[in-house]
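As a plain string of letters, each chain reads:
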Amino acid sequence: MLKNERKELVKNIAEKFTEMDDTDKSYIAGYLAGKQEERQRWEQRKEQVATA
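Computed from a prediction, not measured in an experiment: that's the story for all the values here.

Visitor: Help me out: how do you make sense of the overall build of the protein chain in this one?
Guide: Scanning the protein chain from terminus to terminus reveals two helices and zero strands. For 52 residues, the compact-globule formula gives about 10 Å, and the C-alpha radius of gyration of the protein chain, at 17 Å, lies well above that figure. With respect to the principal axes defined by its C-alpha atoms, the protein chain has extents near 50 × 35 × 10 Å. Relative to its full complement of 52 residues, the protein chain shows a buried share of 0%.

Spelled out as structure tokens, the structure:
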């Protein structure tokens, strides 16, 4: 994907996000927070195995 195509894709996603109601925005924010939390747990387990 070219840089300009990526910029256009991000712009379109951002526009759609800003047009959503607060309930949908909260749902997406919660999903992203959960993914980040899961990633942190995975990283911690990976570090524990490496130091064991």
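Visitor: What should I look at first to understand the packing of aromatic side chains in this one?
Guide: Two descriptors summarise a pair of aromatic rings, namely the distance from one centre to the other and the angle between the planes of the rings. Counted according to the given criterion, the structure contains zero aromatic pairs. Its guanidinium or amino end placed over the ring of Phe17, Lys25 lies 5.8 Å from that ring's centre, counting from NZ or CZ.

Visitor: Help me out: how do you make sense of the pattern of salt bridges in this one?
Guide: Using the criterion set out here, one finds four salt bridges in the structure. A salt bridge links Glu37 to Arg41; its shortest N-O distance comes to 2.7 Å. Within this pair, Glu37 and its partner Arg41 are both found in helix H2 (residues 22-51), separated by four residues, close to a single helical turn. Take Glu37: its relative accessible area is 43%, and that puts it in the partly exposed class. Two residues, Arg39 and Glu43, come together in a salt bridge whose shortest N-O distance is 3.1 Å. Placement of both Arg39 and Glu43 in helix H2 is noted, with a separation of four residues, approximately one turn of the helix. Given the relative accessible area of 48%, Arg39 is considered partly exposed. Several salt bridges converge on common partners, so that one network encompasses Glu37, Glu38, Arg41 and Arg45.

Visitor: Help me understand a nonpolar patch on the surface in this model?
Guide: Among the surface-exposed residues, Met1, Leu9 and Ile13 lie close enough to one another that they form a single nonpolar patch of about 330 Å² accessible area. For Leu9, the position within the fold is in helix H1 (residues 3-19). On the basis of relative accessibility, which here comes to 41%, the residue Leu9 falls in the partly exposed class.

Visitor: Help me understand the environment of Leu2 in this model?
Guide: By secondary structure assignment, the location of Leu2 is in the segment before H1. Spatially, the C-alpha atom of Leu2 lies 34 Å from that of Arg41, the residues being 39 residues apart in sequence.

About the cut-offs
Residues numbered from 1 in each chain as written. Predicted model: local features only at pLDDT ≥ 70, side-chain atom pairs only at ≥ 80, totals over all residues. Heavy atoms only, no water. Helix = DSSP H or I, 4+ residues; strand = E, 2+ residues; numbered from the N terminus. Rg over C-alpha atoms; globule rule 2.2 N^0.38 Å. Buried < 20%, exposed > 50% of the residue type's maximum accessible area, 1.4 Å probe, protein only. Phe/Tyr/Trp six-rings, centres within 6.5 Å; stacked < 30°, edge-to-face > 60°. Lys NZ or Arg CZ within 6 Å of the ring centre and 35° of its normal. Salt bridge = Lys/Arg side-chain N within 4 Å of Asp/Glu carboxyl O. Patch = residues over 30% accessible without salt bridge, like charges linked within 9 Å, V, L, I, M, F, W, Y side chains within 5 Å. Areas by Shrake-Rupley, 256 points an atom, 1.4 Å probe, with all protein chains shown as cover.

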